[in-house]
Amino acid sequence: MEDCNCSICAMSGNDHIIVPASRFRLIQGESALTEYRFNTSAARHLFCKVCGIKSFYVPRSNPDGYAVTWRCIDNWQTLDAAVEQFDGQNWEANAAALAHKSKD
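Predicted model only: the values in this text are computed from it and were never measured.

Scoring rules and cut-offs
- Numbering of residues starts from 1 in every chain and runs along the sequence as written.
- Per-residue local features are limited, in this predicted model, to residues with pLDDT of at least 70; the limit for side-chain atom pairs, both in listing and counting, is 80 or more; totals at the level of whole chains, interfaces and linings are taken over all residues.
- Here the side-chain values reflect all heavy atoms present in the structure, with hydrogen atoms and water set aside.
- Only DSSP runs of H or I covering at least 4 residues are called helices, and only runs of E covering at least 2 are called strands; the numbering of each starts at the N terminus.
- Only protein chains enter the accessibility calculation, which uses a 1.4 Å probe; a residue is then buried when its area is under 20% of its type maximum, exposed when over 50%, and partly exposed in between.
- Polar contacts, as counted here, are pairs of nitrogen or oxygen atoms within 3.5 Å of one another; within protein the pair requires one atom able to donate a hydrogen and one able to accept it, and residues that are adjacent in sequence qualify only if both atoms are side-chain atoms.
- In what follows, a contact means two residues having at least one pair of non-hydrogen atoms within 4.5 Å.
- Here a pair means two rings of Phe, Tyr or Trp (six-membered ring of Trp) with centres within 6.5 Å. Their orientation is stacked below 30 degrees between planes, edge-to-face above 60, and tilted elsewhere.
- A pair is scored as a salt bridge if a Lys or Arg side-chain nitrogen falls within 4 Å of a carboxyl oxygen belonging to Asp or Glu.
- DSSP bridges decide pairing: two strands pair if at least two such bridges lie between them.

1. Focus: the side chain of T69
Argument step 1. Mapped onto the secondary structure, T69 falls in strand β6 (residues 65-69).
Argument step 2. Take T69: its relative accessible area is 10%, and that puts it in the buried class.
Argument step 3. Of the polar contacts made by the side chain of T69, one reaches the side chain of N14; its length is 2.9 Å.
Argument step 4. Apart from the residues lying within four places of it in its own chain, the contact partners of T69 are N14, D15, H16, K54, S55 and F56.

2. Digging into the packing of aromatic side chains
Argument step 1. The full count for this structure, using the stated rule, is 4 aromatic pairs.
Argument step 2. With a centroid separation of 4.8 Å and 50° between ring planes, the pair formed by F24 and F56 is classed as tilted. You can see F24 sitting in the loop between β2 (15-20) and β3 (33-36) and its partner F56 sitting in strand β5 (residues 56-58), a full 32 residues away along the chain. The burial state of F24 is the same as that of F56; both residues are buried.
Argument step 3. A centroid spacing of 4.1 Å and a plane angle of 20° characterise the contact between F24 and Y66, whose relative ring orientation is stacked. In this pair, F24 is assigned in the loop between β2 and β3 and Y66 in strand β6, connecting sequence segments 42 residues apart.
Argument step 4. Connected via pairs of aromatic rings, a cluster forms that spans F24, F56 and Y66.

3. Observations concerning the pattern of salt bridges
Argument step 1. Inspection of every chain in the model, using the stated rule, returns 7 salt bridges.
Argument step 2. Note that K101 is salt-bridged to E2, the shortest N-O span being 2.7 Å. Here the residue K101 occupies a position in the segment after α2 (91-94), and E2 occupies one in strand β1 (residues 2-4), the gap between them amounting to 99 residues. Across this residue pair, the class does not change: K101 and E2 are buried.
Argument step 3. A salt bridge links R44 to E35; the nearest nitrogen and oxygen atoms lie 2.7 Å apart.

4. Comments concerning the pairing of β6
Regular strands place side chains that alternate from one sheet face to the opposite one.
Argument step 1. Counting buried residues in β6 gives 4 out of 5 residues, a clear majority hidden from the surface.
Argument step 2. Sheet topology note: the β2/β6 ladder contains 5 bridges and is antiparallel. Bridging across to β6, H16 finds its partner in T69.
Argument step 3. Looking at chain direction, β5 and β6 are connected through 2 bridges and run antiparallel. When the sheet's bridge partners are listed, F56 is paired in β6 with V68.
Argument step 4. The antiparallel hairpin formed by β5 and β6 contains 6 residues in its connecting segment.

Here you go:
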């Protein structure tokens, strides 16, 4: 699990797990999503139009995967995951360390 200190993750407390696109399936609610892009516009931040929650997004570091917000997973409190600090404030120097996380 990534604990990123970039401006958007740090302010929203968004700890997330990066998974390959092949291991992600949105079961319902696609029509309720809206997208926000900032800075380079590479990351696709997807929010629920009804409640405003960002439960997942396509990260700039892993455009072939999804970053799933940890606390949006069913029964997240019972899951065992190690938290890794990620220096998103210095993204260019550190992004390559995440590339393997979206590979099958």
